[in-house]
Amino acid sequence: MELKNFTILIILLSALYAGKSSAQVLTQEDSLSAGLIYKQQATVISGYGEAKYSMDTKRKSAEASLKRVVLFLGHKFSNKISLFTELEVEDALVANGGNSNGLGEISMEQAFLKFNLNPNTYLVAGLFVPRVGFINENHLPTTFNGVDRPFLEEQIIPSTWREVGVGLYGQFTRIPGLNYSVALTNGLNSQGFNSAGGIGGGRQLGQAANGTNLGVHAALLYYINDFRIQASGYIGGSTAKEQRVADSLQLNGGAFGNPVTLGEINAQYNKSGISVRAIATIINIKNAADINRAFANNTPQTMYGGYAEAGYDILYPTNKGEKAFVIFGRYEYLNLNAKIPSNGLANKANEKHYMVGGFTYKPIRGIAIKGDYVRRITGDFNQALIVTPFPQQVPYFKNNGFVNLGIAYNF
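Within each chain, residues carry numbers counting from 1 in the order of the written sequence. Selection of residues for local features in this predicted model requires a pLDDT of at least 70, selection of side-chain atom pairs for listing and counting requires 80 or more, and totals for whole chains, interfaces and linings are taken over all residues. Neither water nor hydrogens contribute to the side-chain values; these are computed over all heavy atoms in the structure.

## Some words on the overall build of the protein
Step number 1: Here a helix means four or more residues in a row that DSSP labels H or I, a strand means two or more in a row labelled E, and each is numbered from the N terminus. Counting its regular elements, the protein contains six helices and 16 strands.
Step number 2: As a reference, a globule follows 2.2 Å times the number of residues to the power 0.38, and the radius of gyration itself is taken over C-alpha atoms. Computed over its C-alpha atoms, the radius of gyration of the protein comes to 22 Å, within 12% of the 22 Å expected for a compact globule of 411 residues.
Step number 3: Taking the principal axes of the C-alpha coordinates as reference, the protein spans close to 75 × 50 × 45 Å.
Step number 4: Any residue under 20% of the maximum accessible area for its type is buried, any over 50% is exposed, and the rest in between are partly exposed; the area is computed with a 1.4 Å probe on protein chains only. Taking all 411 residues of the protein together, the buried fraction comes to 44%.
Step number 5: Contacts: residue pairs with any heavy atoms within 4.5 Å of one another. Of the contacts formed within the protein by residues at least 6 apart in sequence, a portion of 63% connects residues at least 24 apart.
Step number 6: Values of accessible area rely on a 1.4 Å probe in the Shrake-Rupley scheme; residue burial ignores everything except the protein chains shown. For the protein, the computed accessible surface area is about 19800 Å², with 61% contributed by carbon and sulfur atoms.

The following block contains the structure:
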């Protein structure tokens, strides 16, 4: 056997073995990350996208949108250094400044260099996505059930949450399947926080991130038998202002001024067409009252939530995952106003229950056709938060249903 072919065989065998303790290889991006691109100075193209149709059963309205199209371009400089970039367009059209006008946006989802330090350890530097929750790091639309991402991982854990910084990833050699990550990034901008969207609006996303505040992410990820178990945490400052501005707003400056802490734990089980996953998370914003005084954005002090999902692939006995038809159900509970500071306004509408049921059909790998029904139940909307008078005010329904259809791809 020629040396090159022998090398390829060893790499593939290694990947099959690693697949028992690491994420599945689905795209060219995954292949580049896993070291399966053997050619030197190789450039790879990959991507994913999704579109949806949604009907609001109470408002009797509907919407169709191309949610996102993402193009990945990567380059292997050597066995030690690779480049990863993703350009994302949301909602099909970008004009007049983007989503401030209700239209789409274009952004870099990631742009970082990966340095392989040894077979078990690597370093990333640039704009990257830290490891937190299920969806943030593994957000291909063909890999999760439901037309939309789980609500907890949009409203409490923001996804995709990417920042500029450096991250160290590795495996514990003495404990097979146990992985770790630790990252240092820029912090959040508390001016973008609010009671309905949590900390999501505070992501700086690599766009001229302001202030001297920092964020530290850390995670442990364990693959054992048919289980995937993860715990992660974050602490970071949220005063994204230079010191003189922070002083004028009476906000703590420095690396961890006005700290935000996040903790989450999740677990997943997959075997013989059965899939079960669950997650719980909590966020604390210690100085929420100071942030509200400075920005009047009704920032809560504590948010928490969780969800559990179960699914079964009815085609698994005959197709072993090559083709799939998954029937699933998910229950989510979110409380974005679990604790409100004295100068905040409570809103029972931000205590939410979601019941989601539907299907995911995968005729071939890389394609998903989805459908689901979402029942959302909340408390009363606080009328003190209404700033648009009748008749411009959009009606709010505490108990509402949504029918969704979607398609997704990755390559």
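## Things to note about unusual backbone geometry
Step number 1: The omega torsion across serine 159 and threonine 160 is -5°, close enough to zero to call that bond cis.
Step number 2: Mapped onto the secondary structure, threonine 160 falls in the loop between helix H3 (152-155) and strand S6 (163-171).
Step number 3: One non-glycine residue with positive phi stands out, namely aspartate 91, at about 60°.
Step number 4: Tracing the backbone shows aspartate 91 in the loop between strand S3 (81-90) and strand S4 (105-118).
Step number 5: The phi angle at leucine 205 is positive, at roughly 60°, despite the residue not being glycine.
Step number 6: In this structure, leucine 205 sits in the loop between strand S7 (178-186) and strand S8 (214-224).

## Some remarks on the packing of aromatic side chains
Remark: the centre distance and the inter-plane angle together describe each pair of aromatic rings, the angle taken between the planes.
Step number 1: In this scheme Phe, Tyr and Trp rings, the latter by its six-membered ring, pair at centre separations within 6.5 Å, and the angle between planes marks the pair as stacked below 30 degrees, edge-to-face above 60, and tilted otherwise. Across all of its chains, the model carries 13 aromatic pairs by this definition.
Step number 2: For the pair phenylalanine 72 and phenylalanine 84, a centre-to-centre distance of 5.9 Å together with 55° between the ring planes defines the contact as tilted. Residue phenylalanine 72 is located in strand S2 (residues 61-76), and its partner phenylalanine 84 is located in strand S3; the two are separated by twelve residues in the primary sequence.
Step number 3: Here phenylalanine 84 falls in the buried class, since its relative accessible area comes to 2%.
Step number 4: Grouped by ring-pair contacts, the aromatic residues Phe72, Phe84 and Phe112 constitute a single cluster.
Step number 5: The rule for a charge over a ring is simple: NZ of Lys or CZ of Arg within 6 Å of the ring centre, and within 35 degrees of the ring normal. Over the aromatic face of tyrosine 122 sits the side chain of lysine 114, whose NZ or CZ is 4.4 Å from the ring centroid.

## Some thoughts on helix H5 (residues 288-295)
Step number 1: Restricting attention to buried positions, one finds in H5 the residues Ala288, Ile291, Asn292 and Phe295. With its buried residues spanning 100° around the axis, H5 presents them on a single face.
Step number 2: Buried residues belonging to H5 abut strand S11 (274-285).
Step number 3: Of the residues trailing H5, alanine 296 is marked for its positive phi of about 50°. Here the arc refers to the directions that run from the helix axis out to each C-beta atom.

## So, the environment of leucine 251
Step number 1: Relative to the helices and strands, leucine 251 is located in the loop between helix H4 (243-248) and strand S10 (260-271).
Step number 2: When the C-alpha atoms of leucine 251 and aspartate 290 are compared, they prove to be 6.7 Å apart, with 39 residues separating the residues in sequence.
Step number 3: Ignoring any residue separated from it by four or fewer positions in sequence, one finds leucine 251 in contact with Thr239, Ala246, Asn258, Asp290, Ile291, Arg293, Ala294 and Phe295.

## Side note on the nonpolar core
Step number 1: In this description, a nonpolar core means a group of buried Ala, Val, Leu, Ile, Met, Phe, Trp, Tyr and Cys residues linked to one another through side-chain atoms lying within 4.5 Å. Core analysis: the largest hydrophobic core is formed by 33 residues, its most contacted members being Ile199, Val260, Ile283 and Ile285.
Step number 2: Counting residues per element, this core draws most heavily on strand S13 (residues 324-339), at five residues.
Step number 3: Look past the residues within four positions of valine 260 in its chain and what remains in contact with it is Leu188, Phe193, Ile199, Tyr234, Ile235, Gly236, Ser238, Ile283, Asn284 and Ile285.
Step number 4: Ala42, Phe72, Phe112 and Ala183 belong to the second largest nonpolar core, which has eleven residues in total.

## Examining the pairing of strand S5 (residues 121-128)
Step number 1: Only strands joined by at least two bridges in the DSSP assignment are considered to pair. One ladder, built from seven bridges, connects S4 with S5; its direction is antiparallel. By the bridge assignment, asparagine 118 is partnered in S5 with threonine 121.
Step number 2: Linking two consecutive strands that pair antiparallel, namely S4 and S5, is a turn of two residues.
Step number 3: Where S5 lies against S6, eight bridges are found, and the strand directions are antiparallel. Directly across from alanine 125, in S6, lies its bridge partner valine 166.

## Some details on the side chain of glutamine 155
Step number 1: With respect to the helices, strands and loops of the structure, glutamine 155 is situated in helix H3.
Step number 2: For glutamine 155, a relative accessible area of 14% gives the class buried.
Step number 3: By the criterion applied in these results, polar contacts are pairs of N or O atoms within 3.5 Å in which, for protein atoms, one can donate a hydrogen and the other can accept it, and in which residues neighboring in sequence qualify only through two side-chain atoms. A polar atom in the side chain of glutamine 155 sits 3.2 Å from the side chain of tyrosine 354.

## With respect to the pairing of S4
Step number 1: Pairing of S3 with S4, which is carried by ten bridges, proceeds in the antiparallel orientation. Bridge assignment links glutamate 88 to a residue of S4, and that residue is serine 107.

## A short note on the layout of surface pockets
Step number 1: One number sums up the size of the second largest pocket: a volume of about 1600 Å³.
Step number 2: Looking at the second largest pocket, it is lined by 49 residues, and the ones nearest its centre are Lys52, Asp148, Phe151, Glu154 and Gln155.
Step number 3: Those elements that place two or more of their residues in the lining of the second largest pocket are strand S1 (42-56), S2, S3, S4, H3, strand S14 (351-362), strand S15 (367-378) and strand S16 (399-410).
Step number 4: Tallying contributions element by element places S2 first for the lining of the second largest pocket, with six residues.
Step number 5: Only Asp, Glu, Lys and Arg are considered charged in this grouping, and only Ala, Val, Leu, Ile, Met, Phe, Trp, Tyr, Cys and Pro are considered nonpolar; every other residue, Gly among them, is considered polar. In terms of residue class, the lining of the second largest pocket is made up of 16 nonpolar, 15 polar and 18 charged. Both cavities and pockets are sets of points on a 1 Å grid over the protein atoms alone; in a cavity a 1.4 Å probe fits but cannot get out, in a pocket the set is open with protein on both sides within 12 Å along at least five of seven lines, and lining residues sit with an atom within 4 Å of a point. Grid points are joined across faces, edges and corners, and a volume is the space filled by probe spheres set on the points.

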